[in-house]
Amino acid sequence: MTCALPLSPKASPRPNEPDVHIRFVYAGTSGDVVFDRSACQSAALGLLEGWRHSHCPRLSIVVVHDGRTDFPRVNCELLWASP
């Protein structure tokens, strides 16, 4: 499956779902690097489930419950939202 982006960067592939705030934290040798992204709820769950089955101890992913969703959207969001 390819990751086509027919939607605008701010549009959700599932507008009926709530968006969530996802934080990626990379533990680098010079300190942590933090990336904040938004995603629809099903994409966030798919991403977290996929991450559980991979292994990169220097990168952690968490859902932040602060109500903010004004970040750039997760890359290939529709792919993560698909079963």
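Preceding this paragraph is the structure being described.
All values derive from a computational prediction rather than experimental measurement.

Novice: What is the right way to look at the environment of S12 in this model?
Specialist: Here S12 is to be found in the segment before β1 (19–28). Taking the relative accessible area as the measure of exposure, S12 reaches 16% and is therefore buried. In this structure the side chain of S12 is engaged in a polar contact, spanning 3.1 Å, whose partner is the backbone nitrogen of R14.

Novice: How should I be thinking about the pairing of strand β2 (residues 31–40) in this particular structure?
Specialist: Residues in a regular strand project their side chains so that they alternate between the two faces of the sheet. In terms of strand pairing, β1 meets β2 through ten bridges, oriented antiparallel. Directly across from F24, in β2, lies its bridge partner F35. Hairpin connection of β1 to β2: two residues between the antiparallel strands.

Novice: How should I be thinking about the sheet that holds β2 in this particular structure?
Specialist: Picture the strands of a sheet paired through backbone hydrogen bonds; they go either parallel or antiparallel. On the basis of which strands lie adjacent, the open sheet formed by three strands has the order β2-β1-β3 and antiparallel pairing. Strand pairing shows two members of the sheet lacking a second neighbour, β2 and β3 (59–64), which therefore form its edges. Looking at each pair of strands side by side, their axes are set apart by 25 degrees on average, direction ignored. Relative to β2, helix α1 (residues 41–52) is tilted by about 135 degrees, and along the sheet it contacts β1, β2 and β3.

Novice: Please explain the environment of T29 as it appears in this structure.
Specialist: With respect to the element layout, T29 can be found in the loop between β1 and β2. The spacing of T29 and R58 is 29 residues in sequence and 9.8 Å in space, taken between C-alpha atoms.

Novice: Can you walk me through a nonpolar patch on the surface in this structure?
Specialist: Among the surface-exposed residues, Y26, V33 and F35 lie close enough to one another that they form a single nonpolar patch of about 240 Å² accessible area. Relative to the assigned elements, F35 resides in strand β2. Given the relative accessible area of 38%, F35 is considered partly exposed.

Novice: It is not clear to me how the side chain of R73 should be interpreted in this structure. Could you clarify?
Specialist: As for its placement among the helices and strands, R73 is situated in the loop between β3 and α2 (77–81). Looking at R73, the relative accessible area reads 10%, which means it is buried. A distance of 3.0 Å separates the side chain of R73 from the side chain of D19, its partner in a polar contact. Within polar-contact distance, the side chain of R73 engages the side chain of E77 at 2.6 Å.

The rules behind the values
Residues numbered from 1 in each chain as written. Predicted model: local features only at pLDDT ≥ 70, side-chain atom pairs only at ≥ 80, totals over all residues. Heavy atoms only, no water. Helix = DSSP H or I, 4+ residues; strand = E, 2+ residues; numbered from the N terminus. Buried < 20%, exposed > 50% of the residue type's maximum accessible area, 1.4 Å probe, protein only. Polar contact = N/O pair within 3.5 Å; in protein donor to acceptor, adjacent residues only side chain to side chain. Pairing = 2+ DSSP bridges. Axes fitted to C-alpha atoms, helices over the stretch in contact; angles between N-to-C directions. Contact = heavy atoms within 4.5 Å. Patch = residues over 30% accessible without salt bridge, like charges linked within 9 Å, V, L, I, M, F, W, Y side chains within 5 Å. Areas by Shrake-Rupley, 256 points an atom, 1.4 Å probe, with all protein chains shown as cover. Salt bridge = Lys/Arg side-chain N within 4 Å of Asp/Glu carboxyl O.

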